[in-house]
Amino acid sequence: AILCVIAVAGGLILTQFIGQAVTESVMSPEEAQEAAKNIATFSLPKGYSADTGMSILGTTVVVFKKPGSSVVISLVEMPLQQELNDSVVAEMESQLSQAGSGYSNMNIVSKKELTVRGQPALLIVQEGNVDGASSRQVMVIFQGNNNNLAMLSIAGPVKGWDAKAYDRMILSIK
């Protein structure tokens, strides 16, 4: 019985610690913009700016939004300094789907190899239905500024999708 009490108490303390770490890791728009510069350099489509970000357990996520738009751009850096291959891509997809994105159950409609910053990169396009709307997610997985794997994601409804602006942003990654 005493071991059960100790286990429960330990679990509560650990839960409180993790909750506090998450709360303390949330970034202001200015901090998020600075974090994004550390991951990769690229040109956002007109009207987008850093909204928030978070860094926990070595993974940094920066979210960019545009007022009046449902399309969200995210930049993610994971502490993986490995060559880009199918198992690494699967690991990134798994971690992102565990984060609770509504885009985790979409179907891959295309994959294309690219070169970003002189290194191999992968472009993945997914489509499906999210919250009753035909939606798309475009992801580019590449080596970021710190040689960690990075991912630029554009996700939102197909209606109003500005392919030219998003293509320009992907091509601008440095």
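Owing to the predicted nature of the structure, the values given are computational and were not obtained by experimental measurement.

S.K.: Give a detailed account of the pairing of strand β3 (residues 59–65), specifying residues and quantitative values.
M.R.: On any regular strand, side chains alternate: one points to one face of the sheet, the next to the other face. The buried fraction of β3 amounts to five of the seven residues, a majority that puts the element mostly inside the structure. Taken together, the seven bridges between strand β2 (residues 49–56) and β3 define a ladder with antiparallel strand orientation. Counterpart to I56 in the pairing with β3 is T59. In this structure, the hairpin formed by β2 and β3 is closed by a connection of two residues, where L57 is found at a positive phi of approximately 55°. The hairpin formed by β3 and strand β4 (residues 72–78) contains six residues between the paired strands, and G68 there has a positive phi angle of roughly 85°.

S.K.: Describe the sheet that holds strand β8 (residues 149–157), naming the residues involved and giving the relevant values.
M.R.: Spatial strand order, β1-β2-β3-β4-β8-β7-β6-β5: eight strands in an open sheet with antiparallel pairing. Because the sheet does not close on itself, it has two edges, and the strands there are β1 (26–27) and β5 (107–116). Where β3 and β4 come together, five bridges link them in antiparallel fashion. The residue bridging V62 from the neighbouring strand is L75, located in β4. Seen against the sheet, helix α2 (residues 29–39) touches β1, β2, β3, β4 and β8 and runs at an angle of roughly 115° to β3. Its contacts with the sheet place helix α4 (residues 163–171) against β4, β5, β6 (119–130), β7 (133–143) and β8, and it is angled at close to 175° to β8.

S.K.: Explain the nonpolar core residue by residue, including any values.
M.R.: Grouped together as the largest cluster of nonpolar side chains are 29 residues, with contacts concentrated most on F42, F64, L75, F142, L152, I154 and I173. Those elements that provide at least two residues to this core are α2, β3, β4, β6, β7, β8 and α4. At four residues, α2 tops the list of elements feeding residues into this core. Apart from the residues lying within four places of it in its own chain, the contact partners of F142 are A40, L75, V116, R117, A121, N148, L149, A150, M151, L152 and I173.

S.K.: Could you give an account of the side chain of T60, naming the residues involved and the relevant values?
M.R.: Locating T60 in the fold gives a position in strand β3. Looking at T60, its side chain comes within polar contact range of the side chain of S55, at 3.1 Å. Ignoring sequence-local partners within four residues, the contact set of T60 consists of M27, A35, I39, M54, S55, L75, V76 and E77.

S.K.: Outline α2, listing residues and values.
M.R.: When α2 is considered as a whole, its buried residues turn out to be A32, A35, A36 and I39. Along the axis of α2, the buried residues cluster in a sector spanning 105°; they form a single face. Turning to α2, the residues buried within the fold contact β1, β2, β3, β4 and β8.

S.K.: So what about the side chain of Q137? Which residues, and what values?
M.R.: Positionally, Q137 belongs in strand β7. Separated by 2.9 Å, the side chains of Q137 and S153 make a polar contact.

S.K.: I'd like a rundown of the layout of surface pockets, residues and numbers included.
M.R.: Volume-wise, the second largest pocket comes out at about 300 Å³. Taken together, 16 residues line the second largest pocket, and the ones lying closest to its centre are L114, L123, D167, I170 and L171. When residues of the lining of the second largest pocket are traced back to their parent elements, those giving at least two are β5, β6 and α4. Looking at the lining of the second largest pocket element by element, the count peaks at five residues for α4. Split by residue class, the lining of the second largest pocket holds 12 nonpolar, one polar and three charged.

S.K.: Could you give me a rundown of the confidence of the model for the protein, with the residues and numbers involved?
M.R.: Confidence in the prediction of the protein, expressed as mean pLDDT, is 81, and 72% of residues score 70 or more. Confidence drops under pLDDT 50 across residues 1–23; counting only partners more than four residues distant or on other chains, this segment forms three contacts.

S.K.: So what about the packing of aromatic side chains? Which residues, and what values?
M.R.: The final tally for this structure, using the stated rule, is two aromatic pairs. Centre to centre, the rings of F42 and F64 are 5.8 Å apart; their planes meet at 85°, and the pair counts as edge-to-face. With F42 in the loop between α2 and β2 and F64 in strand β3, the pair connects residues that are 22 residues apart, well separated along the chain. For the pair F42 and F64, a shared accessibility class is recorded, and that class is buried. Consider the rings of W161 and Y166, whose centres lie 4.9 Å apart with planes at 65°: the pair is edge-to-face. The residues W161 and Y166 share a single accessibility class, namely buried. Across from the ring centre of W161, 5.2 Å away, lies the NZ or CZ of R136, which sits over that ring.

Reading the values: rules and limits
- Residues numbered from 1 in each chain as written.
- Predicted model: local features only at pLDDT ≥ 70, side-chain atom pairs only at ≥ 80, totals over all residues.
- Heavy atoms only, no water.
- Buried < 20%, exposed > 50% of the residue type's maximum accessible area, 1.4 Å probe, protein only.
- Helix = DSSP H or I, 4+ residues; strand = E, 2+ residues; numbered from the N terminus.
- Pairing = 2+ DSSP bridges.
- Contact = heavy atoms within 4.5 Å.
- Axes fitted to C-alpha atoms, helices over the stretch in contact; angles between N-to-C directions.
- Core = buried A, V, L, I, M, F, W, Y, C linked by side-chain atoms within 4.5 Å.
- Polar contact = N/O pair within 3.5 Å; in protein donor to acceptor, adjacent residues only side chain to side chain.
- Arc of directions from axis to C-beta.
- 1 Å grid on protein atoms, 1.4 Å probe; cavity = no way out; pocket = protein on both sides within 12 Å on 5 of 7 lines; lining within 4 Å.
- Points joined across faces, edges and corners; volume = space filled by probe spheres on them.
- Nonpolar A, V, L, I, M, F, W, Y, C, P; charged D, E, K, R; others polar.
- pLDDT = per-residue confidence, 0-100.
- Phe/Tyr/Trp six-rings, centres within 6.5 Å; stacked < 30°, edge-to-face > 60°.
- Lys NZ or Arg CZ within 6 Å of the ring centre and 35° of its normal.

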